[in-house]
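# A closer look at the structure
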Amino acid sequence: QVQLVESGGGLVQAGGSLRLSCAASGRTFSTYAMGWFRQAPGKEREFVATIHGSGGYTLYEDSVKGRFTIARDNAKNTVYLQMNSLKPEDTAVYYCAAANNLRFGALPIYYYYWGQGTQVTVSS
C-alpha cells in the first residue's frame, strides 16, 4: 500500500510559478509510475503529467507542455510538478497518484493510489 501526501499548492498570479510536491510512503517507490491529475469545479478529472519509475520517461497533457515539468527523486520517495507561466485555467485541485510501471500512461483507471489533493488558484 502506498500513501501519498501533496503539498505546495496556493494562490499565485497569472504568469507566476509554483512547485508541487508529493511524498510517498513505502519501500518500492521506484516500481510505480507517478502521475499528476487535476480537477476544476464542474469539470472531470484530467491528466496532467506522469513519470516512469526510472525517471527516464515522461508524458504531458498538451496544454501544459513547455510550462510544466514533472520530476522525481527516488531517494526521497518524492515526485514534483514544477509549474511555470501559470494561467487562470490551471486553477484546480491537483492530485498525486501512483500506478504500476506496466501501466505507465495517462488513464486514471490504472492509478491505484491517490493523495487527497492540493488547491492551486491562479488569479488574473
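Rules used throughout
- Residues numbered from 1 in each chain as written.
- Predicted model: local features only at pLDDT ≥ 70, side-chain atom pairs only at ≥ 80, totals over all residues.
- Heavy atoms only, no water.
- Disulfide = S-S within 2.5 Å.
- Helix = DSSP H or I, 4+ residues; strand = E, 2+ residues; numbered from the N terminus.
- Buried < 20%, exposed > 50% of the residue type's maximum accessible area, 1.4 Å probe, protein only.
- Contact = heavy atoms within 4.5 Å.
- Pairing = 2+ DSSP bridges.
- Salt bridge = Lys/Arg side-chain N within 4 Å of Asp/Glu carboxyl O.

### Examining the state of the cysteines
Overall, the coordinates contain one disulfide when judged by the stated rule. With its sulfur 2.1 Å from that of its partner, Cys22 forms a disulfide with Cys96. Residues Cys22 and Cys96 share a disulfide whose torsion about the S-S bond is about -80°; that sign makes it left-handed. With Cys22 in strand β3 (residues 18-24) and Cys96 in strand β9 (residues 92-100), this pair connects stretches of sequence that are 74 residues apart. A residue is classified by how much of its surface remains accessible, and Cys22, at 0% relative accessible area, is buried. By relative accessible area, which is 0% here, Cys96 ends up buried.

### Re the environment of Gln39
Secondary-structure assignment places Gln39 in strand β4 (residues 32-39). Judged by relative accessible area, which is 28%, Gln39 ranks as partly exposed. Residues Gln39 and Tyr95, 56 residues apart in the sequence, show an inter-C-alpha distance of 8.2 Å. With sequence-adjacent residues up to four places away left out, Gln39 is seen in contact with Glu44, Arg45, Ala92, Val93 and Tyr95.

### Quick look at the pairing of strand β11 (residues 118-123)
Across a regular strand the side chains alternate sides, sitting on one face of the sheet and then on the other. Residues Thr118, Val120 and Val122 point to one face of β11 and are all buried, whereas Gln119, Thr121 and Ser123, pointing to the other face, are not buried. For strand β2 (residues 10-13) and β11, the ladder comprises four bridges, and the chain directions are parallel. The partner of Gln13 across the bridge, within β11, is Ser123. Pairing of β9 with β11 involves three bridges; the strand directions are antiparallel. In the sheet register, Val93 faces β11, and the bridge partner there is Gln119.

### Let's talk about the environment of Val64
Its location among the elements puts Val64 in the loop between β6 (58-60) and β7 (68-73). Counting along the chain gives 15 residues from Val64 to Ala49, while the straight-line C-alpha distance between them is 8.5 Å. Ignoring anything within four residues of it in the chain, the contact list for Val64 reads Arg38 and Val48.

### Some details on the pattern of salt bridges
Summed over all chains, the structure comprises four salt bridges. When the shortest N-O distance is used, the salt bridge between Glu46 and Arg38 registers 2.7 Å. Two residues, Arg38 and Asp90, come together in a salt bridge whose shortest N-O distance is 2.9 Å. In this pair, Arg38 sits in strand β4 while Asp90 sits in the loop between β8 (78-83) and β9, placing the two residues 52 residues apart along the sequence. Asp90 sits in the buried class, given a relative accessible area of 1%. A single network of salt bridges, built from pairs that share partners, joins Arg38, Glu46, Arg67 and Asp90.

### Things to note about the side chain of Ser21
Within the secondary structure, Ser21 is located in strand β3. Its relative accessible area of 16% is what places Ser21 among the buried residues. The contacts of Ser21, once residues within four sequence positions are left out, are Val5, Glu6, Ser7, Trp36, Thr78, Val79 and Tyr80.

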